[in-house]
There are 2 protein chains.
Amino acid sequence: MGPIDEMAKTTGAWLRSGGPMSDVVISSRIRLARNVKGFPFLAKAGETERKEIFRTLTDRISETDIAKDSVIIDFEELSALDRELLVERHLISRQHAEGEGSRGAVISLREDRSLMINEEDHLRIQVLASGLQLDALWKEINRIDDLIEAGIEYAFDPRFGYLTACPTNVGTGIRVSVMLHLPAMKLTQEIERVLRAARDMRLAVRGLYGEGTEAIGDFFQVSNQTTLGKSEEEVVREFAEDIIPQIVDYELRARETLAAERAYQLDDKVWRAVGILGNARSMSAEESLFLLSHVRMGVHMGRYKAVDMGLLNELFLQTQPAHLQKLHGSPLDGESRSIVRAEYFRRRLGGNN
Amino acid sequence: MGPIDEMAKTTGAWLRSGGPMSDVVISSRIRLARNVKGFPFLAKAGETERKEIFRTLTDRISETDIAKDSVIIDFEELSALDRELLVERHLISRQHAEGEGSRGAVISLREDRSLMINEEDHLRIQVLASGLQLDALWKEINRIDDLIEAGIEYAFDPRFGYLTACPTNVGTGIRVSVMLHLPAMKLTQEIERVLRAARDMRLAVRGLYGEGTEAIGDFFQVSNQTTLGKSEEEVVREFAEDIIPQIVDYELRARETLAAERAYQLDDKVWRAVGILGNARSMSAEESLFLLSHVRMGVHMGRYKAVDMGLLNELFLQTQPAHLQKLHGSPLDGESRSIVRAEYFRRRLGGNN
């Protein structure tokens, strides 16, 4: 059994729960985009050059202490299902999983760090934590970035900063993302106003699985869009001290208002979700996210006590398509997945039958 | 406590369950429309004449054995809530409940017979039974009609037959209605074809509460539209021997197909309904009909055994708005009804909480 199979059974760093503001903030993530000097950007690189980039970067990483608690994964030796599993664990991007040619990742065993090689850029360094922990993440990613840079030269322009494949990443190449759970604002319909405000601030608002995915089950990923003109520290501070605490505050106030004025409506959402999860015979991944979102709200608001966040996070991850198939031990088509997913929920949530 | 309060606690004839084909046919009903000779139709009658019609008919009924096991109800002495309760029990029409002026009904204690006075016609005789029992009902209504006619003269034209307020009832004045539960055809989407065929045969297809109501929760009321040109016996025979058995056959075949080919989909509907009914904190009357419809299908198909039809029928009736308020002991607005309805379901279906 390889490291991916071991991983598949656990919940991973970003879903480990806990951390500051974890009743609203699921997880924090910082990513840096880097390219190695002397190689073309990937769009212009042939397979030989891709392989050389992959080797150059994994060699360099192996010389640092990053290698100690990490696995180096070559995607060409990994099944599509295992790559999909890494996507569901937020360790690599969907684009990276589904791409072609020499590519891979160096992933820490605790799953709080992933270095994607030959994704859109030669190197994308990513660190994750549950709750709002951007300061700690910034320190850590900075350390890793310096460690690698100490033995390799990045493509850098004194005027523009770090050069990247996509112009939106040029400069600091930093992307700060925070995954938020905003069920109360969804119920009170304040969410649209907040999302509009976020977009006015040039923040991107996406779903659970990043770019191009819809916000499902009241989970929203907020991230910065531009990396030019602000220092990394400024971007991080803005997120950690201003933007996120403000959204968290709105959500908590919406929860209070709901509990005070429409508690039955709140409980109705929570208990229906519990009733459906414990009884359905077929369930899509999308619906399960909606339902788990409502149960999560109930747990965080102290209105539902029969499950804890640990179990919820486990259910959340294990019922994603790739995890479900891993758990089941064989590939399943969409219809079968829905049946197996519903069975899993019934077993774990102790439904009537 | 009056007879209505006593009634409110029971299930009533049409929902008593059992009877032929009761897995698909909820209930059968035959109605005759009659007017008393010498009085104008109600549209042209003043209040004095309405009162006189009411007295004439109740006097006549009191002379027959119909009076023995019945209550005579004067709607002017009845609250709107109690009238609404009679509508929910299918003993009077909504139009009758909400009308004005002298009017009422003579209702058998077993609730298998209701004589509406001053509804649209001076007299509407109605008999009800669970399952498909049109022959027995036809004998019974014929007997009642003759009993009354033995001491009163109906408005009758040798050429047209019985004269009625609305031309569609002229002739025999008969309306045969059968309430069907067709959840499988709804799921397999065959329902539209069947309903179209029914309409082509000049049958009316309506919802649970007759004219102008939508089919909710897969309950459909099928009735004849014209009363001219066919004898009563022909209309009854056509329903009892041809139309209804054919629809029942379609539905049963659809159920078999579903059970054989998509059992999990069927169970999913049933168990979701069970899960929601046992856990929701707020529920509209409409949603509860949908959910009870699915549970009913599960019970009839032997896929769900934790409740019996008796309990289901009781839940079905007791959670209707007027019954719910009667049960609660005080008037409730729509929002409160939804909360009390959900509470009632949780209590009776032994949900988690």
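Our structure's up above, just so we're on the same page.
In short, a report on the structure. If you're wondering where the values come from, they're calculated on a predicted model, not measured in any experiment. (Residues numbered from 1 in each chain as written. Chains lettered and ligands numbered in written order. Predicted model: local features only at pLDDT ≥ 70, side-chain atom pairs only at ≥ 80, totals over all residues. Heavy atoms only, no water.)

Observations regarding the sheet that holds strand 4 (residues 113-117) of chain B
Residues and elements named next belong to chain B. To keep things clear, this is the line we draw: Pairing between strands is defined by DSSP: at least two bridges between them are needed. Elements are defined by DSSP. Helices are runs of H or I of four residues or more, strands are runs of E of two residues or more, and each kind is numbered from the N terminus. Axes, fitted as lines to C-alpha atoms, cover a helix only where it is in contact. Angles between the N-to-C directions of the axes lie from 0 to 180 degrees.
Reading across from one edge, 2-3-4-5-1-8-10-9 is the order of the eight strands in this open sheet, with antiparallel pairing throughout. Bordering the open sheet on either side are strand 2 (70-74) and strand 9 (203-206), each of which pairs with just one other strand. For this sheet the average axis-to-axis angle between neighbouring strands, irrespective of direction, equals 20 degrees.

A short note on the packing of helix 12 (residues 321-328) of chain B against helix 13 (residues 334-349) of chain B
Residue and element names in this part refer to chain B. Note the cut-off: Angle categories: roughly parallel below 35 degrees, roughly antiparallel above 145, roughly perpendicular from 65 to 115, and oblique for all the rest. Every residue pair with non-hydrogen atoms within 4.5 Å of one another is taken to be in contact. Residues are grouped as follows: Ala, Val, Leu, Ile, Met, Phe, Trp, Tyr, Cys and Pro are nonpolar; Asp, Glu, Lys and Arg are charged; all remaining types, including Gly, are polar.
In the contact formed by helix 12 and helix 13, the axes pass within 10 Å of each other and the chain directions differ by 75 degrees. One element, helix 12, and the other, helix 13, form an angle in the roughly perpendicular class. Contacts from Pro321, Leu324, Gln325, Leu327 and His328 of helix 12 reach helix 13 at Arg337, Val340, Arg341 and Tyr344. A per-class count over the contact of helix 12 with helix 13 returns five nonpolar, two polar and two charged.

Quick notes on the interface of chain B and chain A
Where we set the bar: In this description, buried area is defined as the sum, over both parts, of the accessible area (probe of 1.4 Å) that is lost when the two are combined. Note on definitions: salt bridges are taken to be side-chain nitrogens of Lys or Arg within 4 Å of carboxyl oxygens of Asp or Glu. We define a polar contact as two N or O atoms separated by no more than 3.5 Å, with the added condition that, inside protein, one atom must be a possible hydrogen donor and the other a possible acceptor, whereas residues neighbouring each other in sequence contribute only through side-chain atom pairs.
Taken residue by residue, the interface counts 18 residues in chain B and 18 residues in chain A. Each partner contributes to the roughly 1,700 Å² buried at the junction of chain B and chain A, and carbon and sulfur atoms together form 59% of this total. Viewed at the interface, chain A and chain B are joined by two salt bridges. One salt bridge in this structure joins Arg272(B) and Glu287(A), with 2.7 Å as the shortest N-O distance. Joining chain B to chain A, the criterion identifies 10 residue pairs in polar contact (both at pLDDT 80 or more).

Overview of the pairing of strand 10 (residues 219-224) of chain B
Residues and elements named next belong to chain B. To keep things clear, this is the line we draw: In this scheme, a residue with accessible area under 20% of its type's maximum is buried, one over 50% is exposed, and one in between is partly exposed, where area comes from a 1.4 Å probe on protein chains only.
With six of its six residues buried, strand 10 lies for the most part within the structure. Judged by which residues are buried, strand 10 turns out to be covered on both faces: Phe219, Gln221 and Ser223 on one side and Phe220, Val222 and Asn224 on the other are all buried. Sheet topology places strand 8 (residues 174-181) next to strand 10; five bridges connect them, and they run antiparallel. Looking at strand 10, one finds that Met179 is bridged to Gln221. Where strand 9 meets strand 10, four bridges bridge the pair, whose relative direction is antiparallel. Residue Ala204 lies in a different strand from strand 10, and its bridge partner there is Ser223.

Concerning the sheet that holds strand 1 (residues 25-34) of chain A
In any sheet, the strands associate via hydrogen bonds between backbone groups, in a parallel or an antiparallel arrangement. Residues and elements named next belong to chain A. On the basis of which strands lie adjacent, the open sheet formed by eight strands has the order 2-3-4-5-1-8-10-9 and antiparallel pairing. The open sheet has two free edges, formed respectively by strand 2 (70-74) and strand 9 (203-206), since each of these has just one partner strand. For this sheet the average axis-to-axis angle between neighbouring strands, irrespective of direction, equals 20 degrees.

Some points on the relation of the copies chain B and chain A
Counted only if it meets this: We superpose the copies by least squares over the C-alpha atoms of residues that have a pLDDT of at least 70 in both of them.
In the superposition of chain B on chain A (RMSD 0.0 Å, axial shift 0.1 Å), the rotation amounts to 180 degrees. Between the two chains, the operation in question is that of a two-fold axis. Judged by C-alpha distance, Gly275(B) is the residue of chain B that lies nearest the rotation axis, at 2.1 Å. Comparing interface residues between copies, 100% of those in chain B also lie at the interface in chain A; the contact surface is shared.

Some thoughts on the packing of aromatic side chains
Describing an aromatic ring pair means giving the distance of the ring centres and the angle of the ring planes. Here is the rule we go by: Pairs were defined over the aromatic rings of Phe, Tyr and Trp, the Trp ring being its six-membered one, requiring ring centres within 6.5 Å. Orientation was assigned from the angle between planes: stacked under 30 degrees, edge-to-face over 60, tilted for the rest. Throughout this description, the term charge over a ring refers to an Arg CZ or Lys NZ atom that lies within 6 Å of the ring centre and within 35 degrees of the ring normal.
Within the structure shown, the criterion is met by eight aromatic pairs over all chains. Centre to centre, the rings of Phe156(B) and Tyr162(B) are 4.9 Å apart; their planes meet at 70 degrees, and the pair counts as edge-to-face. A relative accessible area of 47% places Phe156(B) in the partly exposed class. Under the relative-accessibility criterion, Tyr162(B) is labelled buried at 12%. Taken together, a centroid distance of 5.0 Å and an interplanar angle of 90 degrees make the contact between Trp271(B) and Tyr304(B) edge-to-face. Of the two residues, Trp271(B) sits in helix 9 (residues 263-277) while Tyr304(B) sits in the loop between helix 10 (285-300) and helix 11 (309-318), which places them 33 residues apart along the sequence. For Trp271(B), a relative accessible area of 7% gives the class buried. Taken together, the aromatic side chains of Tyr154(A), Phe156(A) and Tyr162(A) make up a single cluster linked through ring pairs. Over the ring of Trp271(B) we find Arg281(A); its NZ or CZ atom is 4.3 Å from the centre of that ring.

Considering the packing of helix 11 of chain B against helix 13 of chain B
All names here are of chain B. Rules: What makes a crossing left-handed is the near helix being turned counterclockwise from the far one by less than a right angle; a clockwise turn instead makes it right-handed.
Across the interface, helix 11 lies against helix 13 with an axial gap of 11 Å and an inter-helix angle of 165 degrees. Considered as vectors, helix 11 and helix 13 are oriented roughly antiparallel to each other. The way helix 11 lies across helix 13 gives a crossing that is right-handed. Contacts between helix 11 and helix 13 involve Leu311, Glu314, Leu315 and Gln318 on the former and, on the latter, Tyr344, Phe345, Arg348 and Leu349. Across the contact of helix 11 with helix 13, the residue classes tally to five nonpolar, one polar and two charged.

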